[in-house]
Amino acid sequence: MSDDVLFEIENLSKYFDVENKKKLRAVDGISLQIKRGETFGLVGESGCGKSTLGRTLVRIYEPTSGSIRYDGKDIAKLGRREAKEYASKVQMIFQDPYASLNPRMTIGDIIKEGMKIHKIGSDKDRTDRMCELLELVGLSKEHAQRFPYEFSGGQRQRVGIARALAVNPEFIVCDEPVSALDVSIQAQIINLLRELQDKLGLTLLFIAHDLSVVRYISDRVGVMYLGSLVEVANAEELYLNPIHPYTKGLLSAIPVADPLVENSRKRSLLEGDIPSPVDIPTGCKFASRCPYATSDKKEGVPPLHDFGGGHYVACFNAQSLINSMDEGNF
Amino acid sequence: MLAIKDLKVSFHTYSGEVQAVRGVNLSLEEGGTLAIVGESGSGKSVTAQSILKLHDPDITEYKGGHIELDGQDILEFDEKRMQEIRGKEISMIFQDPMTSLNPTMTVGNQIIEILKRHEKGKDNKKIGHKEARERAIELLKMVRIPNADQRVDQYPHELSGGQRQRVMIAMAMACAPRILIADEPTTALDVTVQLQILELMKEMQKEKGTSIIVITHDMGVVANLAKTVVVMYGGVIVEAGTAADIFYRREHPYTQGLLDSVPNEKQRKDKKLESIEGTPPDLVNPPVGCPFADRCKYAMKICHQQMPEETKLSETHLCRCHLLDPECPYPRISLAFKGAKKREETYVR
């Protein structure tokens, strides 16, 4: 993994209009770098804005404010031709393999459509490439004439991956690519994604709520809460030494397939529900659920601060939490 | 208390007869927790739903077996008798609380409806609306819905996913049923909320002595809740036992595969995940041999030809696999699991 930056996201926000002229702040001032060749995992509870962030990167949504620089270029300022090029470089794999494939198109046509739009090769080239892609994702070219309903969930997800790969992308947003699949099939798809990444040198944004899968597949992980990043670190570092109280709560809620561990471990149980992203509390967004929240109301959202080795935390009390961790009071 | 004996359920569909459940035996103790584990199409939900006879009668055929509740066969009951059992003796929580609650009724009225159907008032007469409403608020408080006296008049869409699942639990517990069937109760929820719901279910059980059947594909949920576990595949039970049997003494390659395909803390990043290749069998034409044979890395010739018999490994532990045959050339799967003995000794529930 080289250190050159593929995505430079600065103060990115995406608000949606809701009733009573209110704004739903799905993504709220996120700054983040994604390096070339890495897998960046994004975790958080439903409604935290992780999918919106992914969708904003592939320009399904236009940001409300802030900038996204891809390879040094601001993607909002791309010309028509460059924008089209960007659209082929940045692809997406969706969660629901049932809803994301057109039921009236054959698998072959689904995979070829992107190449057609981007005018890649002749029709013959495209068919050859399509057959190659089918083999690459573990299907066979005999499948090309079939329709989506003839396939199982895992096979459809393979088609979704082949479709994303067809236009030679550099970056793929994987939005919960395995959460609709059975566990035995999940492992197949995760192995496939990793294998393809190695082979093709892809950069991945891996969005999921399954924390153990994210730990396994990611180089770095970001934790989102109510539209903001609260902690970013290398995957192992984040899982072994979480600092933000929200990350701690989230990690200790992961079920472990071992009754001995499951019934004996201490958990920091997160009480309550995530507040509505329409009426976001002022100050730290997590304060209402945080066991360490102090009563003195601080202004603004705590910024992401580097606590060494690229471990970023957004918490007013981070330093005292780290100190008490060092003293073994946790 | 509840015993399922050699249950066989088929659905008649356009593509033929789907043999969803092909001879299942299981039993549930008073106050116990049984987990049925398996992937989609394994027959786990069909088995559980048969207990309440929730299947479309036009296409469903109970081809054999019995479901005995206190010695009486539920499959023989008529619809009227079933209506008395549903919600009162046995109740169910479904996976998706959004689609299983009525969107046009307040949550309070949905609970009141159940109370009016099954419960009597303080004076032992028909329960009045006011009393039912009070009971509904109490129930919402019991499942820890904040501001229960206001929430009672809200509609499902005004609640979060976790709160909706709490309402489902309140509804299921309204008549203090003896058996609670939870079909993937936390699959649609975030891990944090999942943990809250699991704790709530355990608490309810402790308080009321309810027996729980939980259907899930998540071995973490099984480890958290269950005392006994049944692993299903292709419409049959492939392994059954106590939680310790399944987690520390497992013998079936499918059980092993299920536990391996979830990355755990020890998973090395440079190593591939152990995946189970292939897809589950088609139950319109179920394989003659072991249903898992096509995906099993240990499969032998006999596995494709003959359904393995159940082998009794201990009083509690059953496994259906040809690998357990004394003439099988492979070592047992449980032998490969290092540290099992130690874990088992320290394991106390």
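So, here is what we can say about the structure in this document. As the structure is a prediction and not an experimental result, all values here were calculated from the model.

Residue and element names in this part refer to chain B. In contact at an axis separation of 9 Å, helix α4 (residues 107–118) and helix α7 (residues 161–173) are set at 20° when each is read in the N-to-C sense. Overall, the two elements α4 and α7 adopt an arrangement that is roughly parallel. Judged by the sense of rotation from one axis to the other, the crossing of α4 with α7 is right-handed. When α4 is examined against α7, the residues Val 107, Gln 110, Ile 111 and Ile 114 are found in contact with a partner set consisting of Val 167, Ala 170 and Met 171. In terms of residue class, the contact of α4 with α7 is made up of 6 nonpolar, 1 polar and no charged.

Here we come to helix α4 (residues 123–136) of chain A. Residues and elements named next belong to chain A. With 14 residues, α4 should cover 20 Å at 1.5 Å per step; its first-to-last C-alpha distance of 20 Å lies within 8% of that length. Against the buried residues of α4 lie α3 (107–117) and α5 (153–165). Phi turns positive, to about 85°, at Gly 138, one or two residues after α4.

Residue and element names in this part refer to chain B. Pairing geometry for strand β1 (residues 2–13) and strand β2 (residues 16–28), over 9 bridges, is antiparallel. Its bridge partner being in β2, Leu 2 is matched across the sheet by Leu 28. Taken together, β1 and the strand that follows it, β2, pair antiparallel across an intervening segment of 2 residues.

This paragraph deals with the sheet that holds strand β7 (residues 171–175) of chain A. Across the sheet, 8 strands lie side by side as β6-β7-β8-β3-β9-β10-β12-β11 (chain A); this open sheet has mixed pairing. Of all strands in the sheet, those with a lone pairing partner are β6 (90–93) and β11 (305–306) of chain A, marking the two edges.

For the rest of this paragraph, the subject is the pairing of strand β1 (residues 5–18) of chain A. Residue and element names in this part refer to chain A. In this structure, β1 lies alongside strand β2 (residues 22–35), joined through 11 bridges in antiparallel fashion. Considered in β2, the bridge of Val 5 is made with Lys 35. Once β1 ends, the chain turns through 3 residues before running back antiparallel as β2, passing Asn 20 with a positive phi of about 60°. Direction of pairing for β1 relative to strand β4 (residues 65–70): antiparallel, over a ladder of 5 bridges. From the neighbouring strand, Ile 9 faces β4, where its bridge partner is Ile 68.

It is worth spelling out the packing of α5(A) against helix α6 (residues 183–200) of chain A at this point. All names here are of chain A. Their axes nearest at 10 Å, the elements α5 and α6 cross at an angle of 15°. As judged from the angle between their axes, α5 and α6 are roughly parallel. Relative to α6, the crossing made by α5 is right-handed. Seen from α5, the contacting residues are Gly 153, Gly 154, Gln 157 and Ile 161; seen from α6, they are Ile 185, Gln 188, Ile 189 and Leu 192. Residues belonging to the contact of α5 with α6 are distributed by class as follows: 4 nonpolar, 4 polar and no charged.

Another point: the environment of A:Thr247. Residue and element names in this part refer to chain A. Mapped onto the elements, Thr 247 comes out in helix α9 (residues 245–252). Assessed through the 24 C-beta atoms surrounding it within 10 Å, Thr 247 is described here as buried. The spatial distance from the C-alpha of Thr 247 to the C-alpha of Gly 44 is 8.8 Å, given a sequence separation of 203 residues. Other than its neighbours up to four places away in sequence, Thr 247 contacts Val 223, Val 230, Glu 231, Leu 238 and Pro 242.

What follows deals with the sheet that holds strand β5 (residues 72–73) of chain B. Pairing is antiparallel across the open sheet formed by 4 strands, whose spatial order is β2-β1-β4-β5 (chain B). The outermost strands of the open sheet, each flanked by one partner alone, are β2 and β5 of chain B.

Moving on, we come to the interface of chain A and chain B. Across the boundary between the two partners, chain A contributes 33 residues, which contact 39 residues of chain B. For the side of chain A that touches chain B, the elements supplying multiple residues, two or more each, are α6, α7 (211–217), α9 and α10 (259–264) of chain A. Here the side of chain A that touches chain B takes 7 residues from α6(A), the largest share from any one element. Of the residues contributing to the side of chain A that touches chain B, the split by class is 16 nonpolar, 11 polar and 6 charged.

Quick notes on the rules
Residues numbered from 1 in each chain as written. Chains lettered and ligands numbered in written order. Predicted model: local features only at pLDDT ≥ 70, side-chain atom pairs only at ≥ 80, totals over all residues. Axes fitted to C-alpha atoms, helices over the stretch in contact; angles between N-to-C directions. Helix = DSSP H or I, 4+ residues; strand = E, 2+ residues; numbered from the N terminus. Parallel < 35°, antiparallel > 145°, perpendicular 65-115°, else oblique. Left-handed = near helix turned anticlockwise from the far one by under 90°. Contact = placed C-beta atoms within 7 Å. Nonpolar A, V, L, I, M, F, W, Y, C, P; charged D, E, K, R; others polar. Expected span 1.5 Å × (residues − 1). Pairing = 2+ DSSP bridges. Buried ≥ 20, exposed ≤ 12 C-beta atoms within 10 Å, placed from the backbone.

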